[in-house]
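What the coordinates show
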Amino acid sequence: MKRVKVHVDGIEHEMDTSKPLLQNLLDLGIQVPYFCYHQRLRIIGACRMCIVFNEKTGRLITSCNTYPEEGMSISTRHPLVVANQKYLLQAFMTRHPLDCPICDKAGECDLQNYGAIFGPQKQIVPVSALEKERHQVDWESDFLEYYSNRCVVCYRCTRACDDVVGAHALYVEERGFHANIAPTIRPMDSSTCEMCGLCVYVCPVGAIISKPFKYWTRSWLLRKEKTVCNLCPVGCEVQIEYGVGDWRSKEKVYRIKPTDDLNVCAKAFFGYDALNHERLRTSEVFGREETRGNVANFLSSMLKSKPEETLVVLSSYLSNEDYMLLRELIERTGVMVSASITFELLHFLEAYGSYKQPSFEEVKEADFYVFVGEDVTSVAPVLSYYTKAKVYKIGNIQRDSKFNPVVIEKEELKTLEGKGLIVFNPLGMSAKEAEGWGIYLGQVCKEKGFKLLLVHDGNFLGLMKHIPLEWLSNLPEALSKARRVILFGEDPLDYMRLEDLENILGGLEQLIVFTPFKDGIAQYAQIKIPMDLLGETEGTFSTLMGELKASRFLPKSFNHTEFLKNLLEYLPEDRKSPVVVRSEKPEAHRKVHLYRSNWITKRSENLTKLYEKNLAVEEAVRLGS
């Protein structure tokens, strides 16, 4: 990183030559107006608002596509700069409707803010009221809406879709004053669009909005906090906005947005409503509210009595701190323990051997990628945003088709040369199939020097790190042998048929469920204990991006981590070995879909609607073919 000295408005500053002049100015806290620039998007210099005056050449320059040089001297407040910015702003205002009172972007709109900074605007172009109306483009979507007259044609949305997501779901229709943003395929909801919401987030005005958020509240009424998303293994930092939106509403989560890293997918952006779905807020015993202490006392008695008949089923959506506490619980009691990874990932790892997770930098720097198994874009969408090299594919192709992958057979892996990364997604595989892949990929990676990246549910890396794999029993087998089950989340429903699970649950003496929700498997449980979700859990998660810390700020959270600490106080200190049952290799019955990826996102009405619409289209295409 080379740094040079640049004079800005008469004051000397050091700047980074690897960043555009505009970004350096913003990093220094110097305010420069702009619309089209975004630090994650390629630079196109479309809006011209970021102009500064180069005092050495006596010319105006756009700061977004100019890089600092030693001895450069610029002015951000030169009369020519202010006059030209005001002129440009008035041009942007020519067709823009004054509908701030009903626009969802009000309060966080760049055009609104600059209008206040530069003062009253004049109409500099002779356009009549009738001519102001730009052709309206219907995106045919239940989730995204485009207002043509509000658009400042900054191309942020199309660049985010093309360059970051790679979905190519938007393009610019017409040119000049007639330019509009249009979907490449209609209806939008069942197109190549992944409903990540980045077009909504990067839009500097209210041209693209989220329909589920429309008219519900105002940005300034909401509280905003950042945390780490745990709905998939990537580890994106997201912003959760919550509060009491208006006179119609109760306190709830209103939306989830990315940060300027632009790491977000549909699971969080439109799946936020799962955080409001039929939440279990207090512990219950046989349908009646019970104190935490009484429930912890009862559970400890059960764990100390016949632990070999008690099964603890772990969720991949717990924090590392939770896993450490649960490991202590298992060691003190000797109960059986299982998790969803015993359907396939456990058997893969035992066959593969020692596994070392590559860093995210190593993931991004690969010469080529080989996607093995189910659709990676559906399981860990943001991982696909960083997959920019050539892609080979072994297995089903759904959303992964955006890479135009080269389809190869298993044996062709050995013919590839270079710094390759194999992305292995075992979801939906049988234990036997996963075991076969473990043996084969272990040999290939050793011979060719390829790196392996595993993809699974939530914090599966944290589970593998803190719970010894040799302790884990195969889930269906352990469920059939157990008389009492303590279940975290609802992972079994992702893999097992409901009727099979109901038969097993019917034979249990007791079912204790840690769950965020009142519905689902909680309805079969005698004891229900709340489990915290995104924004309610404080702890670390082992993600593809490294060890990241999540924050707890949402109101009414139960804090199941504290409950587990209390539970340990009732248990003996002596150590026991857990009972392990593994005589059978389980068959999984799981299907992967971008909008239906786990038991949490299944609670989202938004994602369910998207899932059903896409399923209907896929079925129509299948029948048509």
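Reading the values: rules and limits
Residues numbered from 1 in each chain as written. Predicted model: local features only at pLDDT ≥ 70, side-chain atom pairs only at ≥ 80, totals over all residues. Heavy atoms only, no water. Pairing = 2+ DSSP bridges. Helix = DSSP H or I, 4+ residues; strand = E, 2+ residues; numbered from the N terminus. Axes fitted to C-alpha atoms, helices over the stretch in contact; angles between N-to-C directions. Buried < 20%, exposed > 50% of the residue type's maximum accessible area, 1.4 Å probe, protein only. Contact = heavy atoms within 4.5 Å. Right-handed = clockwise from strand over helix to strand, strands pointing away. Phe/Tyr/Trp six-rings, centres within 6.5 Å; stacked < 30°, edge-to-face > 60°. Expected span 1.5 Å × (residues − 1). Salt bridge = Lys/Arg side-chain N within 4 Å of Asp/Glu carboxyl O. Core = buried A, V, L, I, M, F, W, Y, C linked by side-chain atoms within 4.5 Å.

The subject of this paragraph is the sheet that holds strand β11 (residues 237–243). Across the sheet, which stays open at both edges, the three strands sit in the order β10-β11-β12 with antiparallel pairing between neighbours. Among the strands making up the open sheet, the edge pair consists of β10 (223–228) and β12 (252–258). Across the sheet, the mean angle from the axis of one strand to that of its neighbour is 30°, orientation sign disregarded.

What follows concerns the side chain of Thr537. Inspection of the secondary structure puts Thr537 in the loop between β24 (527–530) and β25 (539–543). For Thr537, a relative accessible area of 8% corresponds to the buried category. Ignoring any residue separated from it by four or fewer positions in sequence, one finds Thr537 in contact with Ser319, Asp532, Ala550, Ser551, Arg552 and His560.

With that out of the way, let us pick up the pairing of strand β16 (residues 336–339). When a strand is regular, its side chains alternate between the sheet's two faces. A two-sided burial pattern is seen for β16, the buried positions comprising Met336 and Ser338 on one face and Val337 and Ala339 on the other. On the question of chirality, the crossover connecting strand β15 (residues 310–314) to the parallel β16 by way of helix α8 (residues 320–333) is right-handed.

Under the criterion given, the structure shown has 22 aromatic pairs. Aromatic pair Phe348 and Phe424: ring centres 4.3 Å apart, planes at 20°, arrangement stacked. With Phe348 in helix α9 (residues 345–352) and Phe424 in strand β20 (residues 420–425), this residue pair connects regions lying 76 residues apart in the sequence. The residues Phe348 and Phe424 share a single accessibility class, namely buried. Taking the centre distance of 5.5 Å and the plane angle of 85° together, the rings of Phe371 and Phe403 count as edge-to-face. Placement of the pair is Phe371 in strand β17 (residues 368–373) and Phe403 in the loop between β18 (390–394) and β19 (406–407), with a sequence separation of 32 residues. Residue class for Phe371 comes out buried when judged on its relative accessible area of 1%. According to the relative accessible area criterion, Phe403 is buried, its value standing at 17%.

A turn of α-helix holds 3.6 residues, and therefore any two residues three or four places apart point the same way. With 20 residues, helix α19 (residues 605–624) ought to run about 28 Å at 1.5 Å a step, and its terminal C-alpha atoms sit 29 Å apart, in line with that. Contact partners of the buried residues in α19: α6 (266–269).

Time to look at the sheet that holds β17. One open sheet holds the five strands; their spatial order is β19-β18-β17-β20-β21, and the pairing between them is parallel. Two strands bound the open sheet, and with one partner strand each, they are β19 and β21 (451–454). Both β18 and β19 contribute to a ladder of two bridges, which runs parallel. Across the sheet, residue Tyr392 finds its bridge partner in β19, namely Val406. Here α9 sits on the sheet in contact with β20 and β21, set at roughly 160° to β21.

A few words now on the pattern of salt bridges. By the definition in use, this model includes 35 salt bridges. The salt bridge involving Glu108 is made with Arg255; its shortest N-O contact spans 2.8 Å. Of the two residues, Glu108 is situated in the loop between α2 (79–93) and α3 (110–118) and Arg255 in strand β12; the sequence distance between them amounts to 147 residues. With a closest N to O distance of 3.6 Å, Lys257 and Glu108 form a salt bridge. Residue Lys257 is found in strand β12, and its partner Glu108 is found in the loop between α2 and α3; the two are separated by 149 residues along the sequence. What emerges from the salt-bridge pattern is a single network uniting Arg327, Glu328, Glu331, Arg332, Glu573 and Arg575.

This brings us to the environment of Tyr323. As for its placement among the helices and strands, Tyr323 is situated in helix α8. On the basis of relative accessibility, which here comes to 0%, the residue Tyr323 falls in the buried class. The residues touching Tyr323, leaving out its near neighbours within four places in the chain, are Ser315, Ser316, Tyr317, Leu318, Asn459, Gly462, Leu463, His466 and Ile467.

So, about the nonpolar core. Within the largest apolar cluster, 185 residues are counted, with the highest numbers of intra-cluster contacts made by Phe348 and Leu383. Considering each element in turn, this core owes the most residues, six residues, to helix α13 (residues 431–448). Ranked by size, the runner-up nonpolar core spans 16 residues in total, among them Val8, Ile30, Val32 and Ile61.

With that settled, consider helix α4 (residues 156–165). Burial analysis of α4 places eight of its ten residues in the buried class, which makes it a mostly covered element. Residues of α4 that are buried: Arg156, Cys157, Thr158, Arg159, Ala160, Cys161, Val164 and Val165. Where the residues of α4 are buried, they touch α3, β7 (170–173), β8 (180–183), α5 (198–202), β9 (208–210) and α12 (381–385). Note on α4: the residue one or two positions beyond its end, Gly166, has a positive phi of about 80°.

Structurally, Gly353 is set in the loop between α9 and α10 (360–364). The class of Gly353 is partly exposed, set by a relative accessible area of 36%. In sequence terms Gly353 and Tyr34 are 319 residues apart; their C-alpha atoms lie 52 Å from each other.

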